[in-house]
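# Analysis of the macromolecular model
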Amino acid sequence: MDFTNLKSAAKSAAKTPILNRFDDPDRARAFSVSAGDLLFDYSKTSIDSTGRQALIDLFERADVASRRDAMFSGEAINETEGRAVLHTALRNLDGGPVMVGGVDVMPGVLATLKRMETFANDVREGRFKGEGGQITDVVNIGIGGSDLGPAMATLALAPYHDGPRCHYVSNVDAAHIADTLRSLDARTTLVVVASKTFTTIETMTNAATAKAWMSESVAHPAAQFAALSTAADKTGAFGIDPERVFGFEDWVGGRYSMWGPIGLALMIATGPESFRAFLKGGAWMDQHFQVAAPQENLPVMLALTGIWHNQGLDHATRAVLPYEQRLSRLPAYLQQLEMESNGKSTAMGGTTLTDNSGPIVWGEPGTNGQHAFYQLIHQGTRVVPCEFMVAAQGFEADLAHQHRLLVANCLAQSEALMRGRTLDEARAIVADKFEGAELERQAAHRVFPGNRPSTTLVYPKLTPFVLGQIIALYEHRVFVEGAILGINSYDQWGVELGKELAKALEPVVAGEVGTDGKDGSTAQLVQAVQRMSGE
Ligand code: F6P
């Protein structure tokens, strides 16, 4: 994709300070998207009418609408793996047929959802028991897309949590599973092994550890295991009864899979009704994404704002800053969603990208981040576009004053980033304490450059429906950015090399194989670990 027009539009728009844009009393409304009950405000960026048109031209030149339709209609848009991309079918509760290779996949999707609901209710209501009685704890063992989505959402929907306690184990570091299992009673624990491929080394290692732990106190450990996977043969070999295996198809990518079986622990925690509301929120966004004109389309404008900052202005990172403690895992979830999808330098056709790939995504909930890294965002030499999000209402009605404080902080940050503080204003602040050269020096440290871009997403309350809307919003944003970059957002070849080398290094670390052929640094590190471990 040629970004020349975009770059020149962005360069020229950036000459006007963002604050001055508000001389136009209609600026905020005109540079926002209001849809359903969500408001996405991108007016505190340098995007102007010409810039927005350049962005929409890109959207049209990349023929994103046709690609979007191809995705929803089950074409194999994941071209490097020859697969359709149909996680949207998992939330298509009231929709029509979805065809893959001439077959409607919806009957299968709905039947699996029904089985999940029956099982979740059986666990929640005590019909499915452990050897020690009613299930008190569920341990989801998975990693990446088989962990981050449900773990993020279980935390996000804590006010709806009325089922057994849910724990998520992902890291192959034994500390993770050991610390999780330590306080649990194996006789009342259900272990859910979540792995699309059922081959991921971290997950299979932790699953084996959990099985061994379970067999210390339970006569039939496999009876307290369930599996979420596309690989029925492998779940059988692990000893899990097909009755407790919830399958899905290869047209659901790992990082897009929380809407189906991979969401089972979330469903057990919050109940099938909440889970359905979550799916409906996602489906609402699917519908909106397909019908709204680009300028009125939430995922499209969120994506185009990202393209403006990354390809237009060369800002390498973006910070995701939810003012919602329960979204504290959202940045980690989005790191996989965005960076595993769009962190690629090869275009769909095999050529090398001529511009930046997707950005580095990072963040923390506000207000915590304010007391950590916002210093750099306000006064560092690099510009970090910020994506704020905040609920109009919290759940703690008796602590509404805290929510007001939270909202005020969120809005204050975007205002401060835009306004900044001039040298004169800084001088006025310290004028009563210092004079002369010292006053100048002290004032200089208190200057904020301002003119730093941010967007804000406001939603009514973090209900399951709203969470579904937000997650689907980001999924489609990734799609639009990927389509404009001309890359395949649905493969992840870049994770393979490290996996292969780790496999080969394990016997080297164990001392069974020498370090011959390894580079000097790797050999030295292996030897240091061996020496320090005392083995
Ligand atoms: O290594 C990356 C990855 O393949 C992710 O794409 C995926 O979400 C994760 O590993 C886990 O894979 P699985 O669900 O097959 O265990």
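Residues numbered from 1 in each chain as written. Predicted model: local features only at pLDDT ≥ 70, side-chain atom pairs only at ≥ 80, totals over all residues. Heavy atoms only, no water.

What follows deals with the site of the ligand. Around the ligand lies a shell of 13 residues, among which S146, S195, K196, T197 and T200 are the nearest. Note that an oxygen atom of the ligand is positioned 2.6 Å from one of the side-chain N or O atoms of S195. Expressed as a share of its isolated accessible area of 390 Å², the protein-covered part of the ligand is 88%. By residue class, the composition of the shell around the ligand is two nonpolar, eight polar and three charged. (Near = heavy atom within 4 Å. Polar contact = N/O pair within 3.5 Å; in protein donor to acceptor, adjacent residues only side chain to side chain. Areas by Shrake-Rupley, 256 points an atom, 1.4 Å probe, with all protein chains shown as cover. Nonpolar A, V, L, I, M, F, W, Y, C, P; charged D, E, K, R; others polar.)

As paired elements, strand 1 (residues 32-35) and strand 2 (residues 38-41) share four bridges and run antiparallel to each other. Across the sheet, A35 pairs through a bridge with L38, a residue of strand 2. Linking two consecutive strands that pair antiparallel, namely strand 1 and strand 2, is a turn of two residues; a positive phi of about 55° is found at G36 within it. (Pairing = 2+ DSSP bridges. Helix = DSSP H or I, 4+ residues; strand = E, 2+ residues; numbered from the N terminus.)

Let's shift gears to helix 7 (residues 174-181). The periodicity of an α-helix, 3.6 residues per turn, causes residues three or four places apart in sequence to face the same way. Within helix 7, the full set of buried residues consists of I177, T180 and L181. Take helix 7 and look down its axis: the buried residues cluster within an arc of 90°, on one side only. In this fold, the buried residues of helix 7 make contact with strand 7 (137-141), strand 8 (165-169) and helix 8 (201-217). (Buried < 20%, exposed > 50% of the residue type's maximum accessible area, 1.4 Å probe, protein only. Arc of directions from axis to C-beta. Contact = heavy atoms within 4.5 Å.)

We now examine the environment of T205. Structurally, the position occupied by T205 is in helix 8. A sequence separation of 64 residues divides T205 from I141, and the C-alpha atoms of the two residues are 9.8 Å apart.

Attention now goes to helix 11 (residues 272-291). Here helix 11 contains 20 residues, and its C-alpha end-to-end distance of 29 Å stays within 8% of the 28 Å for a straight helix at 1.5 Å per residue. Among all positions in helix 11, only P272, S274, F275, F278, L279, G281, G282, M285, D286, H288 and F289 are buried. (Expected span 1.5 Å × (residues − 1).)

Quick look at the UniProt feature "active site" (unreviewed entry) in the protein chain now. Using the residue numbers shown here, the UniProt feature "active site" (unreviewed entry) corresponds to E340, H371 and K499. Taken together, the annotated residues stretch across 160 residues and extend over separate regions, lying up to 36.3 Å apart by C-alpha. When you line up the elements, E340 lands in helix 13 (residues 330-342). Judged by its relative accessible area of 22%, E340 falls in the partly exposed class. (UniProt positions renumbered as here; feature names shortened; annotations may be inferred.)

This part covers the sheet that holds strand 10 (residues 225-229). Reading across the sheet, the five strands line up as 8-7-9-10-11 and stay open at both edges, with parallel pairing between neighbours. The open sheet terminates on both sides in strands that have one partner only, identified here as strand 8 and strand 11 (245-247). Shown here is a sheet whose adjacent strand axes are inclined to one another by a mean of 15°, direction ignored. Note: strand 10 against strand 11, three bridges, orientation parallel. (Axes fitted to C-alpha atoms, helices over the stretch in contact; angles between N-to-C directions.)

Pairing in this open sheet of six strands is mixed, and the strands run 1-2-15-14-12-13 from one edge to the other. The sheet is open, and its two borders are formed by strand 1 and strand 13 (360-363), each paired with just one other strand. With direction set aside, neighbouring strand axes in the sheet form an average angle of 15°. Its contacts with the sheet put helix 18 (residues 464-485) on strand 2, strand 12 (317-323), strand 14 (386-391) and strand 15 (454-459), and the angle it makes with strand 15 is roughly 145°.

Quick look at the pairing of strand 9 (residues 189-194) now. A regular strand places its side chains so that they alternate between the two faces of the sheet. Counting buried residues in strand 9 gives six out of six residues, a clear majority hidden from the surface. Side chains of strand 9 alternate between two faces, with T189, V191 and V193 and L190, V192 and A194 buried alike. Where strand 7 and strand 9 come together, five bridges link them in parallel fashion. In the sheet register, V139 faces strand 9, and the bridge partner there is V191. Sheet topology note: the strand 9/strand 10 ladder contains four bridges and is parallel. Of the residues in strand 10, the one forming a bridge with V191 is F225. Handedness of the crossover joining strand 9 and strand 10 through helix 8: right-handed. (Right-handed = clockwise from strand over helix to strand, strands pointing away.)

Counting through the fold element by element, E415 comes out in helix 15 (residues 400-419). In sequence terms E415 and D122 are 293 residues apart; their C-alpha atoms lie 50 Å from each other.

Take the pattern of salt bridges next. Summed over all chains, the structure comprises 29 salt bridges. Note that R427 is salt-bridged to D424, the shortest N-O span being 2.7 Å. With a gap of three residues between them, R427 and D424 both fall in helix 16 (residues 423-430), about one helical turn apart. In the salt-bridge network here, residues are joined through shared partners; they are R318, E338, E387, R477 and E481. (Salt bridge = Lys/Arg side-chain N within 4 Å of Asp/Glu carboxyl O.)

This part takes up the domain arrangement of the protein chain. Taken domain by domain, the protein chain consists of domain 1 (3-73 + 277-384 + 394-413 + 460-487), domain 2 (87-270) and domain 3 (499-533). For domain 2 and domain 3, the distance between their C-alpha centres works out to 34 Å. (Domains from an automatic or database assignment.)

Overall, the coordinates contain 15 aromatic pairs when judged by the stated rule. On the numbers, 6.1 Å between centres and 85° between planes, the contact of F198 with F238 is edge-to-face. Placement of the pair is F198 in the loop between strand 9 and helix 8 and F238 in the loop between helix 9 (232-237) and strand 11, with a sequence separation of 40 residues. Residues F373 and Y374 carry aromatic rings whose centres are separated by 5.4 Å and whose planes lie at 40° to one another, so their mutual orientation is tilted. For the residue pair F373 and Y374, the accessibility class agrees, reading buried in each case. Each member of the aromatic cluster is reached from another via a ring pair, and the members are F31, F40 and Y42. The cationic tip of R52 hangs over the ring face of F31; the distance from NZ or CZ to the ring centre is 4.1 Å. Sitting over the face of the ring of F238, K211 holds its NZ or CZ atom 4.4 Å from the ring centroid. (Phe/Tyr/Trp six-rings, centres within 6.5 Å; stacked < 30°, edge-to-face > 60°. Lys NZ or Arg CZ within 6 Å of the ring centre and 35° of its normal.)

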